[in-house]
Structures are given as structure tokens and as C-alpha cells.
Amino acid sequence: MGVEIWHNPRCSKSRATLDLLAERGVEPTVRRYLDDPPTRAELVEVLAALGTDDPLTITRTGEARYRELGLKGADGETLLDALAANPVLVERPIVLTGGRAAIGRPPEDVLPLIGG
């Protein structure tokens, strides 16, 4: 079963999650999602793997871009479009495996995915 991490190397939580996976012997596929942005369909799949359909779950509402785009109170469809067009708004890190996902905030939140 493969493990993938949507990673931003500039983010301390993302780096800590990657380190935690390595400590557990997990060598994930690293997707630098700012360089290789997820599609809208992939975002929908991640939400399903997280057990929700609410894009706010994976939205970085504290980002300046969120405010610039006037997304406060936006509906789910608008948020999905904004996330696909502005990957900086996607929460990180996200770890995916076996049709399940977890957000590594804190990094230990990904441990149930890998049996740890």
C-alpha cells in the first residue's frame, strides 16, 4: 500500500510529518503540491478520503490569498475552484494511503493511517 504526502518543504509541520513517516519506516511519494497542484477532482477525492465534503476542512483561511479572493462565507463549489486555482490555500501536509487521508496538524494525526 503506497503512501503519498502533499508536502511544502517550507512548512515546519510538513517537514515534521515527513520526518515522522521516515522514523516509522514509511517512504512516501512526495508531491510538492505547490509545484504540482492538485486538480479539482483530486481535491474532491481527498475530501472523501478525509470523510467530509466540506472544502473548508483543507482550506488555509489565514492565508492572505484567502482574504484577497473574498472567500469568507463562500460555498463549497467556490472554495473547490479557488483551491484548485490557488494551491497555496490547500492545507498541508496531507497524507494519503489506501483511500484514506489525514492532515498532519499535528504531525501525529497521520499515525492511524500507517498503523502507528
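Here's what I pulled together on the structure shown here. (Residues numbered from 1 in each chain as written. Predicted model: local features only at pLDDT ≥ 70, side-chain atom pairs only at ≥ 80, totals over all residues. Heavy atoms only, no water.)

In this section: the overall build of the protein chain. Scanning the protein chain from N- to C-terminus turns up four helices and four strands. In sequence order, the protein chain lays out its α and β elements as β-α-β-α-α-α-β-β. Sorting the 116 residues of the protein chain into buried and exposed places 42% on the buried side. Restricting the contact set of the protein chain to residue pairs at least 6 apart, pairs at least 24 apart contribute 60%. Accessible surface computed for the protein chain: about 6100 Å², of which carbon and sulfur atoms make up 48%. Between the mean site of the 14 positive side-chain charges and the mean site of the 18 negative ones, the protein chain shows a separation of 6 Å. (Helix = DSSP H or I, 4+ residues; strand = E, 2+ residues; numbered from the N terminus. Buried < 20%, exposed > 50% of the residue type's maximum accessible area, 1.4 Å probe, protein only. Contact = heavy atoms within 4.5 Å. Areas by Shrake-Rupley, 256 points an atom, 1.4 Å probe, with all protein chains shown as cover. Lys, Arg positive; Asp, Glu negative; His and termini not counted. Charge placed at Lys NZ, Arg CZ, Asp CG, Glu CD.)

Moving on to helix H1 (residues 12-23). Taking 1.5 Å of rise per residue, 12 residues should cover 16 Å, and H1 covers 16 Å from first to last C-alpha, within 8% of that figure. Within H1, burial applies to Ser14, Thr17, Leu20 and Leu21. Angularly, the buried residues of H1 cover 120° about the axis, an arc narrow enough to put them on a single face. Away from its buried face, by an angle of more than 90 degrees, H1 presents the exposed residues Ala22 and Glu23. (Expected span 1.5 Å × (residues − 1). Arc of directions from axis to C-beta.)

Inspection of every chain in the model, using the stated rule, returns eight salt bridges. Its salt-bridge partner being Glu42, residue Arg31 comes within 3.0 Å of it at the nearest N-O pair. With Arg31 in strand E2 (residues 29-32) and Glu42 in helix H2 (residues 40-50), the pair connects residues that are 11 residues apart, well separated along the chain. A relative accessible area of 9% places Arg31 in the buried class. Ionic pairing is found between Arg65 and Glu68, a salt bridge with its closest N-O pair at 3.2 Å. Placement of the pair is Arg65 and Glu68 together in helix H3 (residues 64-68), with a separation of three residues, close to one helical turn. Taking relative accessible area as the criterion, Glu68 reaches 57% and is therefore assigned exposed. (Salt bridge = Lys/Arg side-chain N within 4 Å of Asp/Glu carboxyl O.)

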